[in-house]
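The chain contents come next:
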Amino acid sequence: MGGNVRGKRLWVLGLALTSALGAWVAYGDAIIGDPVLGAHDPILGSKHDFTGLNARAGVVAMPGVAFSDYGNPCVYCHIAPDKAKADGANAGAIPGWNRFVPATDAYRLYDSIWLDSKTRTPSPISLLCLSCHDGTMGVDMVVFKPDSFNSAADAALHMRINGADNIVSCGKCHNGRVAHDISIKHLDTDLRNDHPISMTYAGLMRVDQDFRKPNTPSGFSNGVKLYEGRVECASCHNVHNPEKDLLLRVNSDVLCQTCHTK
């Protein structure tokens with residue numbers, strides 16, 4: 001490739017996160033993912049990469065029909081580089097992310113007399129996951145679209161991860177008959193049958209024989225994480241590692257015993 005052509009195709013992607021993560025550089029049509037892993041970031045081509053959805057399985061998804069293809073797999077969660085200075089709070093964004101705050105009063109959270117810490121509403125990092133997986137908003141409903149995206153030509157249905165049989169829900173086709181069943185991915189807003197989230201980890205609050213004490217500043221040495229001392233969706237699931245079943249941070253046979261003694 002000639003120098004002039006190569007120069008035209010060289011572009012830089014920055015990422016606005018809650019902490020500075022640096023810049024990414026991409027050549028040609030490649031999208032650079034994680035600032036450390038770069039083009040080898042496993043999220044690229046995974047189900048969370050909407051610019052190349054299911055590419056690993058050889059499936060061509062429905063960009064422009066089911067959802068908008070913004071040309072950058074990162075902006076579906078992270079603020080687009082050209083919007084880094086925009087005020088997300090005034091635009092209704094989840095703090096630190098490029099998704100709208102869901103209707104938090106709709107959530108019914110797990111509760112028990114045995115909980116050491118009560119939770120009234122999920123924390124921002126778990127709201128990020130729920131903003132897709134509670135099925136109330138389209139998977140492409142980002143706060144800030146990249147400047148390069150032509151909104152005037154957008155004709156997508158902005159479909160939701162929802163098992164309902166209607167034209168704006170993935171379950172219309174992904175019902176286990178027409179296509180694979182997405183119901184397991186639809187958490188809904190009733191979270192009482194799911195592991196509690198956004199509560200302070202009991203092993204930090206006091207001596208509790210039912211919980212293990214974290215052995216790293218951010219959680220546990222096997223990769224299970226705490227966020228400001230709280231248990232979140234991302235404590236057990238790592239969206240940037242689709243190689244593990246259910247995106248788990250560690251194998252399922254040892255996951256629960258990382259925190260729980262019994």
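For the structure itself, look to the data block above.
Just so it is clear, the model here is predicted, and its values are computed rather than measured.

**Here's the deal with empty space enclosed by the protein**
(1) Moving on: A complete count under the given rule lists 1 cavity of 30 Å³ or more for this structure.
(2) Moving on: Of the volumes computed, that of the largest cavity is approximately 80 Å³.
(3) Moving on: L109, Y110, L115, S117, K118, T119, L191, H195, P196, I197 and M199 together form the lining of the largest cavity.
(4) Moving on: Of the residues in the lining of the largest cavity, the class split is 7 nonpolar, 3 polar and 1 charged.

**Focus on the side chain of S112**
(1) Moving on: Its place among the elements puts S112 in the loop between β2 (23–27) and α2 (124–133).
(2) Moving on: At 3.0 Å, the side chain of S112 and the backbone nitrogen of W114 are in polar contact.

**Looking at a nonpolar patch on the surface**
(1) Moving on: Side chains of V65, L157, I167 and V168 sit close together on the surface and give an oily, nonpolar patch of about 310 Å² of accessible area.
(2) Moving on: One can find V168 in the loop between α2 and β3 (199–200).

**Section: the environment of M205**
(1) Moving on: Along the chain, M205 falls in helix α3 (residues 202–205).
(2) Moving on: M205 gets classed as partly exposed once you look at its relative accessible area, which sits at 40%.
(3) Moving on: Placed 88 residues apart in sequence, M205 and S117 show a C-alpha to C-alpha distance of 8.8 Å.
(4) Moving on: If near-sequence neighbours (up to four positions away) are discounted, M205 is found in contact with D116, S117 and T200.

Criteria and thresholds
- Residues numbered from 1 in each chain as written.
- Predicted model: local features only at pLDDT ≥ 70, side-chain atom pairs only at ≥ 80, totals over all residues.
- Heavy atoms only, no water.
- 1 Å grid on protein atoms, 1.4 Å probe; cavity = no way out; pocket = protein on both sides within 12 Å on 5 of 7 lines; lining within 4 Å.
- Points joined across faces, edges and corners; volume = space filled by probe spheres on them.
- Nonpolar A, V, L, I, M, F, W, Y, C, P; charged D, E, K, R; others polar.
- Helix = DSSP H or I, 4+ residues; strand = E, 2+ residues; numbered from the N terminus.
- Polar contact = N/O pair within 3.5 Å; in protein donor to acceptor, adjacent residues only side chain to side chain.
- Patch = residues over 30% accessible without salt bridge, like charges linked within 9 Å, V, L, I, M, F, W, Y side chains within 5 Å.
- Areas by Shrake-Rupley, 256 points an atom, 1.4 Å probe, with all protein chains shown as cover.
- Salt bridge = Lys/Arg side-chain N within 4 Å of Asp/Glu carboxyl O.
- Buried < 20%, exposed > 50% of the residue type's maximum accessible area, 1.4 Å probe, protein only.
- Contact = heavy atoms within 4.5 Å.

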